Amino acid sequence: MNLPNGTFRSLRGFNYRVWWGGALVSNIGTWMQRTAQDWIVLTELTHHDAAAVGIVMGLQFGPQFVLLPFTGYVADRFDKRKLLMATQSAQGLLALGLGLLTLAGWVHLWHVYVFALLLGCVSAFDAPARQTFVSQLVGDEHLSNAVALNSTSFNAARMIGPAVAGLMIAGVGTGVVFVLNALSFGAVLCSLRMLRPHEFHERASGPARRGGLVDGFRHAWEQPDLRTVLVMFFLIGTFGINFPIYISAMSVSVFHVGAGQFGLLTSAMAIGSVTGALLSAQREKPRMAWLLSGALAFGTALTAAAVMPSYALFAVALFFVGLSTQTFTTTAHGAAQLWSDPSLRGRVIAIVMAVSVGGTPLGAPLLGMIANHFGPRWSLVAGGASGFLALLVGLHGRARYSRLQTR
């Protein structure tokens, strides 16, 4: 398979190509479920309660922070391929369980809360293993490119999944969407079976230490660039990246559209995300300048989306929200991997992911309450403010690091 040395260079390797294809199918199913889950909570299980959507998000992402003492260490010390087969299988079974409850007409709001929490616990172990597994598939030389292509897969699925889910919700209901997501995990499980272990890229690994998480924290905090990434990601992840709240609340309470148009809004943002991921894939190495520009663009785009007067213009603004978000997150994930010690990479990635989504139990319900009491547009303004605050943190960190280098 002949591929250019630029944007898609990581796909030249068999292992990464197979993994990428399986992940794309599974990601489409995941985005279908997320869309259906937000819709059923907002329109069927509550009366347009954005705070309930925020609670679901908090339960789903909070475990990444609570389980942090274990997840990064497990990703560093256990066979990632076997670990991913276990976590992906568990996520498929959870999707199937929620789907069967919904099809039977037995689902209640507390069921969604429980499944979101269980899914969050499984995802807490899955995410750092999945992120660091990429380095075994491509090696450090193409790691930044592979991380960007992973984001491309995830956001290409975001273009397709919500649009399909919106049509299916209107046609056959949310339960079928959950079941189809469960089936989609078969693709990534098959891809894991097909990989060639003898072609894996081995990396450095130090002796196992009981204080492994402390080592990861110390390593990340003692490096000014990694510390800046952590703080910026915490701000944007906690108070900015709450898109299910923004999009669902604007769809139902401001533009008064149905499930199909709701799904299309998420797809519009995904087009921007794919564009941002492909642009990131062209860059050889992550740079602090891209983090700063991503944070600035994120705050500007969300603030602009808050004042859009029509559904169509709001969709256009979401394109730029997706573009800026992907520029920031892809650069941050690539930087966390390449700027960290390979023997601590799993723990560092777990910390980065925990601070980026671990604040969701705080940020998502808060943004949901803002949407309920002051209107969805003000929740967007609050989210945009996190981008500007992250920019200030990044500028301060960069200036301080420059002074240290000068000394």
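Residues numbered from 1 in each chain as written. Predicted model: local features only at pLDDT ≥ 70, side-chain atom pairs only at ≥ 80, totals over all residues. Heavy atoms only, no water.

## A few points about the overall build of the protein
Within the protein, the regular secondary structure consists of 17 helices and zero strands. Taken over C-alpha atoms, the radius of gyration comes to 20 Å for the protein, in line with the 22 Å a tight globule of 407 residues would show. Across the 407 residues of the protein, 59% fall into the buried class. In the structure as shown, the protein presents an accessible area of about 16100 Å², 68% of it carried by carbon and sulfur atoms. (Helix = DSSP H or I, 4+ residues; strand = E, 2+ residues; numbered from the N terminus. Rg over C-alpha atoms; globule rule 2.2 N^0.38 Å. Buried < 20%, exposed > 50% of the residue type's maximum accessible area, 1.4 Å probe, protein only. Areas by Shrake-Rupley, 256 points an atom, 1.4 Å probe, with all protein chains shown as cover.)

## Points about the pattern of salt bridges
Evaluation of the coordinates by the stated rule reveals two salt bridges. Of the charged contacts in the structure, one is a salt bridge between Arg130 and Asp126, with a shortest N-O distance of 2.8 Å. Of the two residues, Arg130 and Asp126 are both situated in helix H6 (residues 109-138); the distance of four residues between them amounts to about one turn of the helix. One salt bridge connects Glu199 with Arg196, and the closest N-O pair in it is separated by 3.2 Å. Using a relative accessible area of 32% as the deciding quantity, one classes Glu199 as partly exposed. (Salt bridge = Lys/Arg side-chain N within 4 Å of Asp/Glu carboxyl O.)

## A few points about the packing of aromatic side chains
This model, assessed by the stated rule, comprises 10 aromatic pairs. On the numbers, 6.2 Å between centres and 90 degrees between planes, the contact of Phe255 with Tyr311 is edge-to-face. On the criterion of sequence distance, the pair formed by Phe255 in the loop between helix H11 (243-254) and helix H12 (259-281) and Tyr311 in helix H14 (residues 311-338) is long-range, its members being 56 residues apart. The rings of Trp19, Phe133 and Phe200 are connected pair by pair, giving a single aromatic cluster. One Lys or Arg, Arg34, reaches over the ring of Trp31 and ends 4.8 Å from the middle of that ring. Over the aromatic face of Phe14 sits the side chain of Arg196, whose NZ or CZ is 3.6 Å from the ring centroid. (Phe/Tyr/Trp six-rings, centres within 6.5 Å; stacked < 30°, edge-to-face > 60°. Lys NZ or Arg CZ within 6 Å of the ring centre and 35° of its normal.)

## A few points about the packing of H6 against helix H7 (residues 143-171)
Close contact between H6 and H7 brings their axes to 9 Å; oriented N to C, the two are set at 125 degrees. In terms of orientation, H6 and H7 fall into the oblique class. Like other packed secondary-structure pairs, H6 and H7 cross with a definite hand, here right-handed. On H7, the residues touching Val134, Ser135 and Val138 of H6 are Leu143, Ala146 and Asn150. Looking at the contact of H6 with H7, its residues break down into four nonpolar, two polar and no charged. (Axes fitted to C-alpha atoms, helices over the stretch in contact; angles between N-to-C directions. Parallel < 35°, antiparallel > 145°, perpendicular 65-115°, else oblique. Left-handed = near helix turned anticlockwise from the far one by under 90°. Contact = heavy atoms within 4.5 Å. Nonpolar A, V, L, I, M, F, W, Y, C, P; charged D, E, K, R; others polar.)

## Let's talk about the domain arrangement of the protein
Reports often express the size of an interface as the amount of accessible area lost when the parts come together. Looking at the assigned domains, one finds that the protein contains domain 1 (10-201) and domain 2 (211-406). On a C-alpha basis, the centroid separation for the pair domain 1 and domain 2 is 19 Å. In this assembly, domain 1 packs against domain 2 so that about 4200 Å² is buried in total across both faces, 71% of it on carbon and sulfur atoms. One can count zero salt bridges joining domain 1 with domain 2. Where domain 1 meets domain 2, there are nine residue pairs in polar contact (both at pLDDT 80 or more). Only helix H1 (14-44), helix H2 (50-61), helix H3 (63-66), helix H4 (68-77), H6 and H7 provide two or more residues apiece to the side of domain 1 that touches domain 2. (Domains from an automatic or database assignment. Buried area = accessible area lost by both parts, 1.4 Å probe. Polar contact = N/O pair within 3.5 Å; in protein donor to acceptor, adjacent residues only side chain to side chain.)

## A word on the confidence of the model for the protein
Mean pLDDT for the protein: 86, with 93% of residues reaching 70 or above. Below pLDDT 50 for its whole length, residues 204-210 participates in 12 contacts with residues either more than four positions away or in separate chains. (pLDDT = per-residue confidence, 0-100.)

## Describing the environment of Ser135
For Ser135, the location among the structural elements is in helix H6. At 2.7 Å, the side chain of Ser135 and the backbone oxygen of Thr132 are in polar contact.

## What about the environment of His142?
Considering the arrangement of structural elements, one finds His142 in the loop between H6 and H7. Judged by relative accessible area, His142 falls into the buried class, the value being 18%. Linking His142 and Ser10, residues 132 residues apart in sequence, is a C-alpha distance of 6.2 Å. Sequence-distant contacts of His142, that is, excluding residues within four places in its chain, are made with Arg9, Ser10 and Arg12.

## Digging into the side chain of Gln136
In this fold, Gln136 is placed in helix H6. Exposure remark for Gln136: the relative accessible area of 13% places this residue in the buried category.

## Details of unusual backbone geometry
At His48, a residue that is not glycine, the phi angle is positive and equals roughly 55 degrees. Its place among the elements puts His48 in the loop between H1 and H2. Using a relative accessible area of 35% as the deciding quantity, one classes His48 as partly exposed. Not every positive phi belongs to a glycine, and His256 is a case in point at roughly 55 degrees. Examined against the element boundaries, His256 turns out to sit in the loop between H11 and H12.

## What about the environment of Ser310?
The topology assignment puts Ser310 in the loop between helix H13 (288-306) and H14. On a C-alpha basis, the gap between Ser310 and Pro197 in space is 52 Å, while along the polypeptide they are 113 residues apart. Of note is the side chain of Ser310, whose polar atom sits 3.3 Å from the backbone nitrogen of Leu313.

## What about a nonpolar patch on the surface?
Nonpolar side chains collect at one region of the surface, where Leu93, Leu96, Leu100 and Leu103 lie side by side and expose about 380 Å² of accessible area between them. One can find Leu96 in helix H5 (residues 80-103). Judged by relative accessible area, which is 32%, Leu96 ranks as partly exposed. (Patch = residues over 30% accessible without salt bridge, like charges linked within 9 Å, V, L, I, M, F, W, Y side chains within 5 Å.)

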